[in-house]
Number of protein chains: 2
Amino acid sequence: MNWQTIFKGTGFTSISPDAIEILKDSLFCVDGKGMIAKILQPGEKEYSPLLSQAARENRLVELKPHQYFLPGFVDLHIHAPQWPQIGTALDLPLNEWLNSCTFPLEARYEDTEYARQVYTHLVDTLIANGTTTALYFATIHKESSYLLAEICAEKGQRGLVGKVVMDHQEENPDFYRDASPEEALADTEEFIQQVQELGKTVPQGVYPVVTPRFIPSCSDEALAGLGRLAAKYNVHVQSHCSEGDWEHNFVRKRFGKNDAAALNDFGLLREKSVMAHSVLLDRDDRALFKKTGTAVAHCPLSNAYFANCVAPIKEYMSEGLEVGLGTDISAGYSPGILQNIRQAVTSSRMLEDGTDPSRSPEDRGRRDSRITLKEAFYLATAGGGEALSLPVGKLAPGYAFDAQVVDMTAGNPPFLILPEMDRDILFQKVLFGADPEHIRSVYIQGRKVL
Amino acid sequence: MNWQTIFKGTGFTSISPDAIEILKDSLFCVDGKGMIAKILQPGEKEYSPLLSQAARENRLVELKPHQYFLPGFVDLHIHAPQWPQIGTALDLPLNEWLNSCTFPLEARYEDTEYARQVYTHLVDTLIANGTTTALYFATIHKESSYLLAEICAEKGQRGLVGKVVMDHQEENPDFYRDASPEEALADTEEFIQQVQELGKTVPQGVYPVVTPRFIPSCSDEALAGLGRLAAKYNVHVQSHCSEGDWEHNFVRKRFGKNDAAALNDFGLLREKSVMAHSVLLDRDDRALFKKTGTAVAHCPLSNAYFANCVAPIKEYMSEGLEVGLGTDISAGYSPGILQNIRQAVTSSRMLEDGTDPSRSPEDRGRRDSRITLKEAFYLATAGGGEALSLPVGKLAPGYAFDAQVVDMTAGNPPFLILPEMDRDILFQKVLFGADPEHIRSVYIQGRKVL
C-alpha cells in the first residue's frame, strides 16, 4: 500500500446526510499527495504490522485519549475584507450596512499592506476554527485578492478566492466600484490566470472564483461576461442569491424574474457554482439549482440578521439540492463553522415552530423543517465538499486528509466525561460544546497547519 | 475612604437597559466586604495618591492592555443535575425529554458522590464562563441539594439553590418524586433553614430557593405550602412558567387559568420570584408579574428547542418587567451566558422578521421586537441582579465587586485589534466573539475565584 503517514485515532465522519460513522481506533493511511489511501480497523490483518512499521519509521501520528478526528470544515461563504468589522454594526438593514460600513471598509484593500495584515490574521483564525477549505469573496482589487490566494497557499489552507465584480455605475458608490465592465472582466480574467498558475505549485490547491457580488451591483454586460469566463476556464462561481426581501424584489423589478433564473440566463449557474443564502427560492429556482448542480451556501447566523427569514434547508436537502454551510463573515458574527452548525439546527427549529407567541401553534411554524445535528454536521463537511466538487469533507479513502483533532481534555475545566457516555454522546457534546481552544491541531492535505 | 484592594483598568457596565458606560483606566476601590466603595477616574484628585498607595502596599490589581472588566454574569436558570446531558438529546419534545432522559438522570442524585463529581465540575465551568451569580434547580434530594450550596460556598460563587418539589402522584414517575406533599414541604423547610445557616458564614452569600418544578408536577397542597414557606422565610422562589404550548395548555386545563395567575394564587409570585421562560404571558400575566415584582428568566437557546416560540422580551422590557438571562442547562446547549446574550439578540431578530419564507414579509414577523446587543448585556448583568433583588450586575458603588477580566490578547490567534477600533467597537467584539479562553480571571465579592 502506498502511504507516507499513518494517523491513529478515533474519527467521526458523515456517511450520508443523516448518519455518521464512528471509526474507532483506526489507522488513516495517508499517501504522499495527502490523500487517504486506506482506513484500517482494529482486527484487520494489516493493522498491527502497519502500526509497528509506522512507529518504527517515525511516520505515526497517534491521538491521546479523548482526542478525536473530525473532517476539516468547509466554509462556503466568507467576505475576507470584512474581517475587521466582525461582531459589529449588526443593527443596520442590509443596504445601509453595505453603504455606510462595508463598502468604505472594502475600499481600503487597495492598500496591500492593510490587506496582508487582515488576511493573514483571518486565515490563521479560520484554521484555528477547524476550517480547512474556504470560499472567499475578496474585494474589487486584483492585487490584494491575489495576495489572499497567496496567503492561503503559504499557510496550507485550501482557498478558493474571487476578485469581486461590482461595476454598476448607479448602484455602487463612486469610491468603490469597478471602473467599467470591460475593466472588471479584464481584471477577472487576469486574476483567474494568475491564481491558476499559482495553484499548480500548491499541494492543497488554491482556485480562482468568478465572483459577481450580486445582481444589483453588476451591469448586464459584466454578468454576461463573467458567465463566459466561468465557461472558458471552467472555474468556480459564487454570488449571493435571493438573500432577503430587499434584494429579491430588486432583482424581480430589474429582470421580471427571480435571482436564480436571472443568474442562469447569464451562464452563472453551473456545476461548480455556490450561491450564498438562497433563502427565497421558489420551486422553479430550486429545480434550476438542481439541474445545473448549483449549491446553496447556508449561512444561518447571517440570515437571522439580514435575510428576513430562514432558508428551508430540510426541504432543499430532501429535494436533493447540494447544500453546505457558510459563516458569511462579517454579516455572521462568528468565524466558526461550529457556531453555524449549532445555529443551523437552532434556526431550523425556529422555522418549524415559528416564533410569534401571539399566533396559535397551527398558524406559527412550517412543519417538518427541523434538521438534526448530524445533518448540520454533514452540511459543514461532506456537503461543502460536494458543493465545491472537491474530494474533501469525509474521512474516507479517496478524500484529502483534511482533519481537525478535537481534544475534550483541553480547557479549564475540560469537558465532563463520565463512564455512561458513549461515543455518539461525545460526538454531540463536541459539536454543541467545543470552542477553538479544543481544536488541538489541524491537517490539510496531510500536512499539519496548526 | 474605606478600601482594601484597588482594581485598575477599563471596565464596561450597563447604566440603563440600552446604554453602557465605559470606565476608562479607572480605579475600582473594593472594601473589606467585597463591595465597590468608589470608582475613580483619571484626573480626579484622589486618583494618583491612591494608586501609589495601593501599589506600595501591594493591594493593587492592574489590568494589562486590552484586558477589560465586565460585571460577572447572572445566570437565572440552571438545572444543575442535568449537566451530564448537556448538548445531547435535543431532538425530543419537552415531555418525552423529561420522562426518558431527564428524570432518570436526576434520580441518580440520591448518590451524593455522583452529585459531588458533577456539581463540582459544573460550578467550575460556570465560573470559567464568567457566571458569578447562579440560580439553580437541584433535585428532590435534600442532601445533594445542600451539597450544591456547599460547593458554591467553597468555590466562592454566589449560589441560589432550590431543592426541587415534584410530588404529584400521577404526573411524576414512581422512581423520581417526593413521597408526599407533607414530606416535600418538610424537606423544603429543613433545606431552607440549613442553607440560611450556611449562608451566615459565606461572604458572597448562598441562598435557599423555594422550587416547585412546575405546576404540572406539583399537587395543590404542595404549591400552597411552598407559597407559605416563601412568605415565612422571605426567600427566593423559582419555577417554570408558560414555557411552551404543552405546559401552558396543561395548566389551563387543570386550573382554567394561565400559569401566572395560578402561581399567584398559591403565593408564589413575589418580589424575589424568578419564573423561567415565561414565553406565553398574556397582558394580565404580565401585569401580575409587574405588580408582584416577579422576574422573567429568558432562556433563548433552550426556548428554540422547547418553547415553540420566542419570548417577546423587548415588549416585556418596555412594560417595565424585570428580565434576566438563563442558560437553562441542559435544555440550552451551552453553559455560557455569552452564548445566550448572542442568541437573545439573534432570536429577537427572528421574532421581528419571522422565519417562514413562504409568507409575505407583512405576514411573517412581529414588529419592533428586536433587542440590541447592549440590551442583552443588560439582561445578562444588571437585569439579573434586579431579578434577584441583589446588589450585583453593575460596576458601580454599592454593588458587589463581581467581575470578569476579558483578555482580547488571549487565544491563538488573539482578537484582531486595529487602530480604527474604539472601545465601543471592542465591547461589541467581546460580546459577540469571546470564548471561555478569553476570560482570564473572575472575582466574586472582591475575591479571586479564577
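These numbers come from a predicted model, not from an experiment. (Residues numbered from 1 in each chain as written. Chains lettered and ligands numbered in written order. Predicted model: local features only at pLDDT ≥ 70, side-chain atom pairs only at ≥ 80, totals over all residues. Heavy atoms only, no water.)

Some points on the overall build of chain A
Here is the rule we go by: Numbering of helices and strands starts at the N terminus; helices are DSSP runs of H or I of at least 4 residues and strands are runs of E of at least 2. Note that the radius of gyration is over C-alpha atoms, with the globule rule given as 2.2 Å times the number of residues to the power 0.38. When accessible area is computed with a 1.4 Å probe and restricted to protein chains, residues below 20% of their type maximum are described as buried, those above 50% as exposed, and intermediate ones as partly exposed. The Shrake-Rupley method, run with a 1.4 Å probe, gives the accessible areas here. Residue values count only the displayed protein chains as cover. Charge assignment in this entry is limited to Lys and Arg as positive and Asp and Glu as negative, and neither His nor the chain termini are counted. To locate a charge, take NZ of a lysine, CZ of an arginine, CG of an aspartate or CD of a glutamate.
For chain A, the count of helices and strands is 14 helices and 17 strands. Taken over C-alpha atoms, the radius of gyration comes to 22 Å for chain A, in line with the 22 Å a tight globule of 450 residues would show. Its C-alpha atoms give chain A principal-axis dimensions of about 65 × 60 × 40 Å. Per-residue burial for chain A yields a buried fraction of 67% across its 450 residues. Total accessible area computed for chain A in this model is approximately 14,900 Å², and 48% of it derives from carbon and sulfur atoms. One finds the centroid of the 44 positive side-chain charges in chain A at a distance of 6 Å from the centroid of its 60 negative side-chain charges.

Re the packing of aromatic side chains
Residues and elements named next belong to chain B. Here is the rule we go by: Pairing of aromatic rings covers Phe, Tyr and Trp, the last counted by its six-membered ring, and requires centre-to-centre distances within 6.5 Å; plane angles under 30 degrees mean stacked, over 60 mean edge-to-face, and any other angle means tilted. Criterion for a charge above a ring: Arg CZ or Lys NZ at most 6 Å from the ring centre, at most 35 degrees from the ring normal.
This model, assessed by the stated rule, comprises 36 aromatic pairs over all chains. On the numbers, 5.3 Å between centres and 20° between planes, the contact of tyrosine 109 with tyrosine 119 is stacked. Here tyrosine 109, found in the loop between α2 (94–107) and α3 (112–128), pairs with tyrosine 119, found in helix α3; they are ten residues apart in sequence, far enough to count as distant. The ring of tryptophan 3 is capped by arginine 59, whose NZ or CZ atom sits 4.3 Å from the centre of that ring. Stacked on the ring of tyrosine 114, the Lys or Arg arginine 108 has its end atom at 3.9 Å from the ring centre.

A look at the interface of chain A and chain B
For clarity, the cut-off: Two residues form a contact once any of their heavy atoms are found within 4.5 Å. Accessible area, probed at 1.4 Å, shrinks when two parts are joined; the buried area is that loss added up over both. By salt bridge we mean one thing: a side-chain nitrogen of Lys or Arg within 4 Å of a carboxyl oxygen of Asp or Glu. Contacts described as polar in this section are N or O atom pairs within 3.5 Å, which, within protein, must combine one atom able to donate a hydrogen with one able to accept it, while residues neighboring in sequence count only if both atoms come from side chains. For this scheme, ten residues count as nonpolar: Ala, Val, Leu, Ile, Met, Phe, Trp, Tyr, Cys and Pro. Four count as charged, namely Asp, Glu, Lys and Arg, and the remainder, Gly too, count as polar.
Contacts between chain A and chain B engage 65 residues on the former and 65 residues on the latter. Buried surface at the junction of chain A and chain B, both sides included, amounts to about 5,500 Å², of which 52% is carbon and sulfur. Applying the counting criterion to the chain A and chain B interface returns ten salt bridges. With a shortest N-O distance of 2.9 Å, B:Asp356 and A:Arg366 are connected by a salt bridge. For the pair chain A and chain B, the interface holds 38 residue pairs in polar contact (both at pLDDT 80 or more). Among the elements of the structure, α3 (112–128), α10 (300–306), α12 (337–353) and α14 (423–433) of chain A are those that each provide at least two residues to the side of chain A that touches chain B. The element best represented in the side of chain A that touches chain B is α12(A), accounting for nine residues. Counted by class, the side of chain A that touches chain B contains 32 nonpolar, 16 polar and 17 charged residues.

What to know about the relation of the copies chain A and chain B
Operational definition: Our superposition of the copies is a least-squares fit, built on the C-alpha atoms of residues whose pLDDT is at least 70 in both.
For the pair chain A and chain B, the best superposition has an RMSD of 0.0 Å and corresponds to a rotation of 180° with a translation of 0.0 Å parallel to the axis. Each copy turns onto its partner about a two-fold axis. Here 100% of the interface residues in chain A have copies in chain B that are interface residues too; the copies meet face to matching face.

Remarks on the pattern of salt bridges
The final tally for this structure, using the stated rule, is 58 salt bridges over all chains. Put simply, A:Arg359 and A:Asp363 hold a salt bridge, and the shortest N to O gap is 3.2 Å. Residue classification places A:Arg359 among the buried residues on the basis of a relative accessible area of 17%. Among the salt bridges present, the one from B:Glu189 reaches B:Lys232, with a minimum N-O distance of 2.7 Å. One end of the pair, B:Glu189, is in helix α5 (residues 181–199); the other, B:Lys232, is in helix α6 (residues 220–233), with 43 residues separating them in the sequence. When salt bridges with common partners are traced through the structure, they connect A:Arg286, A:Glu315, A:Glu319, A:Arg366 and B:Asp356 into a single cluster.

A word on the pairing of strand β14 (residues 322–325) of chain A
Residue and element names in this part refer to chain A. Our working rule: A pair of strands is labelled paired if DSSP reports no fewer than 2 bridges between them.
Residues Glu322 and Gly324 point to one face of β14 and Val323 and Leu325 to the other, with burial holding for every one of them. Relative to β14, strand β13 (residues 295–298) is paired through four bridges, and the arrangement is parallel. Paired with histidine 298 across the two strands is leucine 325, which belongs to β14.

As for the confidence of the model for chain A
Residue and element names in this part refer to chain A. What counts, and what does not: Confidence of the predictor in every single residue is expressed as pLDDT, which spans 0 to 100.
Of all residues in chain A, 100% have pLDDT values of 70 or greater, and the mean over the chain is 97. When mean pLDDT is taken per element in chain A, strand β7 (residues 131–137) scores highest with 99 and helix α2 (residues 94–107) scores lowest with 91. Predicted complex, confidence summary: ipTM 0.98, pTM 0.98.

Looking at the pairing of strand β2 (residues 19–30) of chain A
All names here are of chain A. Looking at chain direction, strand β1 (residues 5–16) and β2 are connected through ten bridges and run antiparallel. Residue pairing across strands places glycine 11 opposite leucine 23, the latter belonging to β2. Here β1 hands over to β2 after two residues, the two strands then running antiparallel side by side. Alignment of β2 against strand β3 (residues 36–40), held across four bridges, turns out to be antiparallel. Across the sheet, valine 30 pairs through a bridge with isoleucine 36, a residue of β3. Taking the residues that link successive antiparallel strands as the turn, the β2-β3 hairpin has five residues, and the phi of glycine 34 there is positive, at about 85°.

Let's talk about α3(B)
All names here are of chain B. Cut-off, in case you're wondering: The span expected for a helix works out to 1.5 Å for each residue beyond the first.
Taking 1.5 Å per residue as the helical rise, α3 with its 17 residues ought to reach 24 Å, and the 24 Å between its terminal C-alpha atoms agrees with that figure. Taken together, the buried residues of α3 touch β6 (73–79), α2, β7 (131–137), α4 (142–155) and β16 (439–444). Taking the backbone nitrogen of glutamate 113 as reference, a side-chain oxygen 2.9 Å away marks aspartate 111 as the first, capping residue of α3.

With respect to the packing of helix α5 (residues 181–199) of chain A against helix α6 (residues 220–233) of chain A
Residues and elements named next belong to chain A. For the record, the criterion: With axes taken as lines fitted to C-alpha atoms, and helix axes fitted only over the stretch in contact, angles between N-to-C directions fall between 0 and 180 degrees. For classification purposes, an angle smaller than 35 degrees is called roughly parallel, one larger than 145 roughly antiparallel, one from 65 to 115 roughly perpendicular, and anything else oblique. The crossing is said to be left-handed when, going from far helix to near helix, the turn is anticlockwise and less than a right angle, and right-handed when the turn is clockwise.
The contact between α5 and α6 brings their axes to 9 Å, and the two run at 20°. Relative to α6, the element α5 lies roughly parallel. Seen along the crossing, α5 lies across α6 with a hand that is right-handed. Facing α5, whose interface residues are Pro181, Glu182, Leu185, Thr188, Glu189, Ile192, Gln193 and Gln196, α6 presents Glu221, Ala222, Gly225, Leu226, Leu229, Lys232 and Tyr233. When its residues are assigned to classes, the contact of α5 with α6 shows seven nonpolar, four polar and four charged.

Quick word on the environment of A:Glu154
All names here are of chain A. Its place among the elements puts glutamate 154 in helix α4 (residues 142–155). Assessed through its relative accessible area of 61%, glutamate 154 is described here as exposed. Residues glutamate 154 and isoleucine 439, 285 residues apart in the sequence, show an inter-C-alpha distance of 21 Å.

Concerning the packing of α4(A) against α5(A)
Residues and elements named next belong to chain A. The N-to-C vectors of α4 and α5 enclose an angle of 20°; their axes lie 10 Å apart at closest approach. Our classification of the angle between α4 and α5 gives roughly parallel. Handedness of the crossing formed by α4 with α5: right-handed. Each of Lys142, Ser145, Tyr146, Ala149, Glu150 and Ala153 in α4 lies in contact with α5, whose residues at this interface are Asp187, Glu190, Phe191, Gln194, Val195 and Leu198. Its residues assigned to classes, the contact of α4 with α5 comprises six nonpolar, two polar and four charged.

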